[in-house]
Amino acid sequence: MNQYLDISPEVKTALDAGKPVVALESTIISHGMPYPKNVETALLVEQTIRENGAVPATIAVIGGRLKAGLSREEIEYLGRTGRGVAKASRRDLPALVARKADGATTVATTMIIAHMAGIGIFATGGIGGVHRGAEVTMDISADLEELAQTPVMVVCAGAKSILDLGLTLEYLETKGVPVIGYGTEELPAFYTRQSGFGVDYRVDSPEELAAMFRTQRALGYRGGMLVTNPIPAEYAMDKALIDAAIEQALCDAKAQGIHGKETTPFLLARVVELTGGDSLESNIRLVLNNAMVAAQTAKALCG
Ligand code: PSU
Ligand code: MN
């Protein structure tokens, strides 16, 4: 086992017994939602995974240790400290570990640590991708490179249109990452069920997701798989309303000169402010929905 990795006793017992485990990220806790909703949501996501027959492993860096499986206190700490905890993507791990610091893990880093721990499936809200204007800024999330090289299935609700969804799909195609629609032929756009872009394959059951992932492993591929699961219709947002908030958030980011790793957290927080919390409720619902599908798929993978 990696010398910097700590697997919680509950997660370790489950993994040793071949029981289903689902990884969860912590940037969504510290940088993706405001306190205390972030902590409530993180605990509710864990509960949803348990109710669907799997063990949750929330991932973070604490005191320089790579943690797979957090205590309630650790989740509370990450949520309360919020943006005071470093956002940890792939390039940040060496510094944080060497300095014995704390970090909230992005999709990329959660995949790295999940894979180290032997966890093959991970549920979250939305992934990072190719930003609008990336043909000039070159702002492309490290999440996409991680999907290209780390064998973890990521269950998300697509990506927010703070990104260029078309370019994000092109990038994933180039990198050989299968993009699966769960019960849909269209890429979901996080707050809404449709984006106007098609997915590579539609899959309608956890068993079929498990079969595809198993086959990807058996083929000897090194990369992962992206499962996009649309937000339940009753929680989807009005497209015009959310598009207007995103446009405004993008304008504000430009006006304030936001760049680099601050871009995504800034846009996420600004959209929540502009929509008066409606988008936060949708965000919570879609994460719970992804946790359910991931837990069911983790069970199918063990069966
Ligand atoms: N998109 C969301 N919610 C999030 C994130 C993205 O809708 O919480 C977080 C995830 O942790 C993701 C990270 O991995 O932002 C991407 O950041 P960046 O674009 O800087 O790579
Ligand atoms: Mn970026």
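Structure's up top.
Summarised in this report is the structure supplied together with it.

Rules of the game
- Residues numbered from 1 in each chain as written.
- Chains lettered and ligands numbered in written order.
- Predicted model: local features only at pLDDT ≥ 70, side-chain atom pairs only at ≥ 80, totals over all residues.
- Heavy atoms only, no water.
- Helix = DSSP H or I, 4+ residues; strand = E, 2+ residues; numbered from the N terminus.
- 1 Å grid on protein atoms, 1.4 Å probe; cavity = no way out; pocket = protein on both sides within 12 Å on 5 of 7 lines; lining within 4 Å.
- Points joined across faces, edges and corners; volume = space filled by probe spheres on them.
- Nonpolar A, V, L, I, M, F, W, Y, C, P; charged D, E, K, R; others polar.
- Salt bridge = Lys/Arg side-chain N within 4 Å of Asp/Glu carboxyl O.
- Buried < 20%, exposed > 50% of the residue type's maximum accessible area, 1.4 Å probe, protein only.
- Lys, Arg positive; Asp, Glu negative; His and termini not counted.
- Polar contact = N/O pair within 3.5 Å; in protein donor to acceptor, adjacent residues only side chain to side chain.

Moving on to the environment of Val45. Structurally, the position occupied by Val45 is in helix H3 (residues 37-51). When the C-alpha atoms of Val45 and Met292 are compared, they prove to be 8.6 Å apart, with 247 residues separating the residues in sequence.

Taken as a whole, the largest pocket encloses approximately 640 Å³ of empty space. In this structure, the largest pocket is lined by 33 residues; those nearest its centre are Lys87, Thr106, Ser141, Asp143 and Thr264. Counting only elements with at least two residues in the lining of the largest pocket, the list comes to helix H2 (27-30), helix H8 (142-149) and helix H12 (263-274). Ranked by residue count, the leading element in the lining of the largest pocket is H12, at three residues. Looking at side-chain class alone, the lining of the largest pocket contains ten nonpolar, 14 polar and nine charged residues. Volume-wise, the second largest pocket comes out at about 420 Å³. Lining the second largest pocket are 16 residues, and of these Arg132, Thr137, Leu250, Ile258 and Thr263 lie nearest its centre.

Following the criterion strictly, the structure yields 19 salt bridges and no others. The partner of Glu146 in a salt bridge is Arg90, with the nearest N and O atoms 2.7 Å apart. Taken together, the positions of Glu146 in helix H8 and Arg90 in the loop between strand S5 (86-88) and helix H5 (93-98) put the pair 56 residues apart, joining distant regions of the chain. Overall, Glu146 belongs to the buried group, its relative accessible area being 0%. The residue Glu185 makes a salt bridge to Arg202 at a minimum N-O spacing of 3.6 Å. Of the two residues, Glu185 sits in the loop between strand S9 (179-182) and strand S10 (201-203) while Arg202 sits in strand S10, which places them 17 residues apart along the sequence. Residue class for Glu185 comes out exposed when judged on its relative accessible area of 56%. Take Arg202: its relative accessible area is 39%, and that puts it in the partly exposed class. Salt bridges here are not isolated pairs; linked through shared partners, they connect Asp6, Arg65 and Lys67.

So, about the side chain of Asp143. Here Asp143 is to be found in helix H8. Of the side chains with opposite charge, Lys87 comes closest to the buried, unpaired Asp143, at an N-O distance of 8.0 Å. Polar contacts involving the side chain of Asp143 include one to the main-chain amide nitrogen of Ala108, which spans 3.0 Å. Side-chain polar atoms of Asp143 contact the backbone nitrogen of Gly128, separated by 2.7 Å.

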